[in-house]
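# Working through the structure, step by step
Residues per chain, in single letters:
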Amino acid sequence: MQTLICAAAPCHPNVKQGINALFRQQGAPADIFHEYYAASETGLVSILAPEDYKDHPERYKSVGKIRGCNCRIYDPDTGKWAPSGKEGKVIMRTPMVFGLEYAGVDEEKMLENFVEVEDQLWYDDGLIGYVDDDDYLYLTSRLKEMIITGGVNLFPNEIEDVIKFHPKVLDVAVVRAPDKDFGEIAAAVIQLKEDEESTADEILEFCKEKGLYGFKLPKIIEFGNLPRNLAGKLPKKEVEARFWKDEESFG
């Protein structure tokens, strides 16, 4: 084995190191782990190769050096570029994004995917991260609610729309939770109607009856009251935060 390439979903640094250790143990003469970050809309953004982390193991936490496009970190609070090491929005400019079209989406709606900085439009993929002094990109969070479990995109509202139809359920929030094998999994926090009781098994059976299957089934089901802000909205980031309290997120 000479090369193993990882993409499509965040990979925990311990897994990256574990892959190299496993193949070294089996006789590989050098580290084999490679990674890249890309988006369908932008193409290639960054590449992580063994020579990048050989003498800099802290770079295992990155998704590589920015090599494929113009990518910078924007601080929406100041309206300026974020300095090295400071988190902000990961935004990109590539030839691909300027011909970007989504079927059935008009130009005005498309512009919602862009941020204007210094009179230039930059594509916003909904990611939070930072860049170090050597142009290595570190992804730390997502503004989008999409869950990437084992490289498969999972949309929380699809699960929520099923669970809400359960006769005992008042409300539900499906959020990301960490998982050592799949990176992240779907966790459903359910608020039951007054005086109702239920179990995780009951909810899972209901989901299956309504057509959810496999990776779309929530792997964690908890019951409790869901928070609401002054506007009556459910702050899902607060619900999600406690699952990641002792975990470091890598995008």
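In this report, the structure presented in the accompanying data block is examined. (Residues numbered from 1 in each chain as written. Predicted model: local features only at pLDDT ≥ 70, side-chain atom pairs only at ≥ 80, totals over all residues. Heavy atoms only, no water.)

The next point concerns helix H4 (residues 156–163). Every buried residue of H4 is listed here: Pro156, Ile159, Glu160, Val162 and Ile163. The arc enclosing the buried residues of H4, seen along the axis, measures out at 160°, which places them on a common side. (Buried < 20%, exposed > 50% of the residue type's maximum accessible area, 1.4 Å probe, protein only. Helix = DSSP H or I, 4+ residues; strand = E, 2+ residues; numbered from the N terminus. Arc of directions from axis to C-beta.)

This next bit is on the pairing of strand S3 (residues 43–48). Residues in a regular strand project their side chains so that they alternate between the two faces of the sheet. With 5 bridges joining them, strand S2 (residues 33–39) and S3 adopt antiparallel strand pairing. Across the sheet, Glu35 pairs through a bridge with Leu48, a residue of S3. Pairing of S3 with strand S4 (residues 65–66) involves 2 bridges; the strand directions are antiparallel. Directly across from Ser46, in S4, lies its bridge partner Ile66. (Pairing = 2+ DSSP bridges.)

On to the sheet that holds S2, then. Spatial strand order, S1-S2-S3-S4: 4 strands in an open sheet with mixed pairing. Looking at which strands have only one partner, the edges of the open sheet turn out to be strand S1 (4–6) and S4. Sheet strands touched by helix H1 (residues 13–25): S1, S2 and S3. Its angle to S2, the strand with the most contacts, is close to 145°. (Contact = heavy atoms within 4.5 Å. Axes fitted to C-alpha atoms, helices over the stretch in contact; angles between N-to-C directions.)

We now examine H1. The end-to-end C-alpha separation of H1 is 18 Å, in line with the 18 Å expected for 13 residues at 1.5 Å each. Looking at the buried positions of H1, the neighbouring elements they touch are S1, S2, S3 and helix H2 (50–53). Gly27 sits one or two residues past H1 and shows a positive phi near 115°. (Expected span 1.5 Å × (residues − 1).)

This brings us to unusual backbone geometry. Not every positive phi belongs to a glycine, and Asp119 is a case in point at roughly 65°. Take Asp119: it is sitting in the loop between strand S8 (114–117) and strand S9 (120–131). What makes Asp119 exposed here is its relative accessible area of 73%.

A word on the pattern of salt bridges. Should their charged atoms come close, side chains of opposite charge can pair. Applying the stated criterion across every chain yields a total of 15 salt bridges. Residues Glu202 and Lys168 are paired through a salt bridge, measuring 3.3 Å at the closest nitrogen-oxygen approach. Here Glu202, found in helix H5 (residues 200–209), pairs with Lys168, found in the loop between H4 and strand S13 (169–179); they are 34 residues apart in sequence, far enough to count as distant. Residue Lys168 is classed as partly exposed on the basis of its relative accessible area of 22%. One network of salt bridges, with partners in common, ties together Arg176, Glu184, Lys237 and Glu240. (Salt bridge = Lys/Arg side-chain N within 4 Å of Asp/Glu carboxyl O.)

All chains considered together, the criterion is met by 6 aromatic pairs. Taking 6.2 Å as the distance between ring centres and 80° as the angle between the ring planes, the aromatic pair formed by Tyr74 and Trp81 counts as edge-to-face. In this structure Tyr74 comes out as buried when scored by relative accessible area, which is 11%. Ring centres 6.3 Å apart and planes at 80° place the aromatic pair Tyr213 and Phe215 in the edge-to-face group. Note on Tyr213: relative accessible area 47%, which makes it partly exposed. Since its relative accessible area comes to 32%, Phe215 is described here as partly exposed. Put simply, the rings of Tyr74, Trp81 and Trp122 touch in pairs and so form one group of aromatic residues. The lysine or arginine in question, Arg93, covers the ring of Trp122, its NZ or CZ lying 5.8 Å from the ring centre. (Phe/Tyr/Trp six-rings, centres within 6.5 Å; stacked < 30°, edge-to-face > 60°. Lys NZ or Arg CZ within 6 Å of the ring centre and 35° of its normal.)

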